[in-house]
Amino acid sequence: MNRILIFISVLFFLSVNGISQERKGTIRTGAGYYADAMGRCDGPIVWLEGGYKFNTGFYLNGRLSMASIDWTMSGGFYEGYKTIALRQMADITFSKPIKLKGQHFLEPGLGFKLKREYTLHPDLAIQNTAEETIFYTKYSQVFYEIGFTVCLDYYYEFKSNFYMGLRADTNVIWAVGLEGLTFSPLFGFRF
């Protein structure tokens, strides 16, 4: 039943876009630099975003991104060793393109973020007793956070509806504050 509803929804979306002369859909992607402002560590990020334009001129966008961060452990048995954290993020944003001059656009956006962080954090604790020695080990942590996303895109749109430019975005995580910063090139297409 779910597959049938999804199939009907996709057909409806395509038929509405097929009748309309205006380009309502957009897809954009990029790969760039991600910095953790709180932990002072960084790494690469890859993201993919799709959006739909409403009659008001605003886009509703859904974005998936993944960042890998290298950092040095500051305590425990493995103090000084390097490890990684993998951040998987999902965003829902609202944005509106602002035409600057010619085919140059600036597109600010604001939305919500759900972040899943998988941290490889090996640790070893040793407890000695009269009868035995016990080793306690821990390898990883997984936790979720929610917050807000603020992004700003600058791009040039070609006559073929392909566009390219730059993206800068940041997120504010609930109860933590300003956390991640992303800077990347932007490649997109309107359909």
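Residues numbered from 1 in each chain as written. Predicted model: local features only at pLDDT ≥ 70, side-chain atom pairs only at ≥ 80, totals over all residues. Heavy atoms only, no water.

Colleague: Just checking my understanding: could you explain the overall build of the protein for this structure?
Modeller: Within the protein, the regular secondary structure consists of 1 helix and 9 strands. Reading the protein from its N terminus to its C terminus gives the helix and strand order α-β-β-β-β-β-β-β-β-β. A burial count over the protein gives 32% of its 191 residues as buried. Contacts in the protein between residues at least 24 apart in sequence constitute 55% of all its contacts with a sequence separation of at least 6. A total of about 11900 Å² of accessible surface is found on the protein, and carbon and sulfur atoms cover 67% of it. (Helix = DSSP H or I, 4+ residues; strand = E, 2+ residues; numbered from the N terminus. Buried < 20%, exposed > 50% of the residue type's maximum accessible area, 1.4 Å probe, protein only. Contact = heavy atoms within 4.5 Å. Areas by Shrake-Rupley, 256 points an atom, 1.4 Å probe, with all protein chains shown as cover.)

Colleague: So what exactly am I meant to see when it comes to the packing of aromatic side chains here?
Modeller: Each aromatic ring pair is specified by the distance between its two centres and by the angle formed by the two planes. In the structure shown here, the tally under the stated rule is 6 aromatic pairs. Residues Tyr52 and Phe54 carry aromatic rings whose centres are separated by 5.5 Å and whose planes lie at 85° to one another, so their mutual orientation is edge-to-face. Judged by centre distance (4.5 Å) and plane angle (35°), the rings of Tyr155 and Tyr163 are tilted. On the basis of relative accessible area, Tyr163 is assigned to the buried category, the value being 0%. (Phe/Tyr/Trp six-rings, centres within 6.5 Å; stacked < 30°, edge-to-face > 60°.)

Colleague: I would appreciate a short explanation of the pairing of strand E4 (residues 82-95) in the present structure.
Modeller: A regular strand places its side chains on the two faces of the sheet in alternate fashion. Because side chains alternate across E4, one face comprises the buried residues Thr83, Ala85, Arg87, Met89, Asp91, Thr93 and Ser95, and the other comprises Lys82, Ile84, Leu86, Gln88, Ala90, Ile92 and Phe94, none of which is buried. Bridge analysis of strand E3 (residues 59-72) against E4 gives 14 bridges, and the strand direction is antiparallel. Bridging across to E4, Met66 finds its partner in Gln88. Two strands pair when backbone bridges link them, and E4 and strand E6 (residues 104-128) are joined in this way by 11 bridges, in the antiparallel orientation. Following the sheet pairing, Phe94 is matched in E6 by Leu110. (Pairing = 2+ DSSP bridges.)

Colleague: How should the nonpolar core be read in this particular structure?
Modeller: In this structure, Tyr34, Cys41, Ile45, Ala67, Ile69 and Met89 together form the largest nonpolar core, which totals 6 residues. At the level of secondary structure, the elements contributing two or more residues to this core comprise strand E2 (41-53) and E3. Ranked by size, the runner-up nonpolar core spans 5 residues in total, among them Trp47, Phe105, Tyr163 and Leu186. (Core = buried A, V, L, I, M, F, W, Y, C linked by side-chain atoms within 4.5 Å.)

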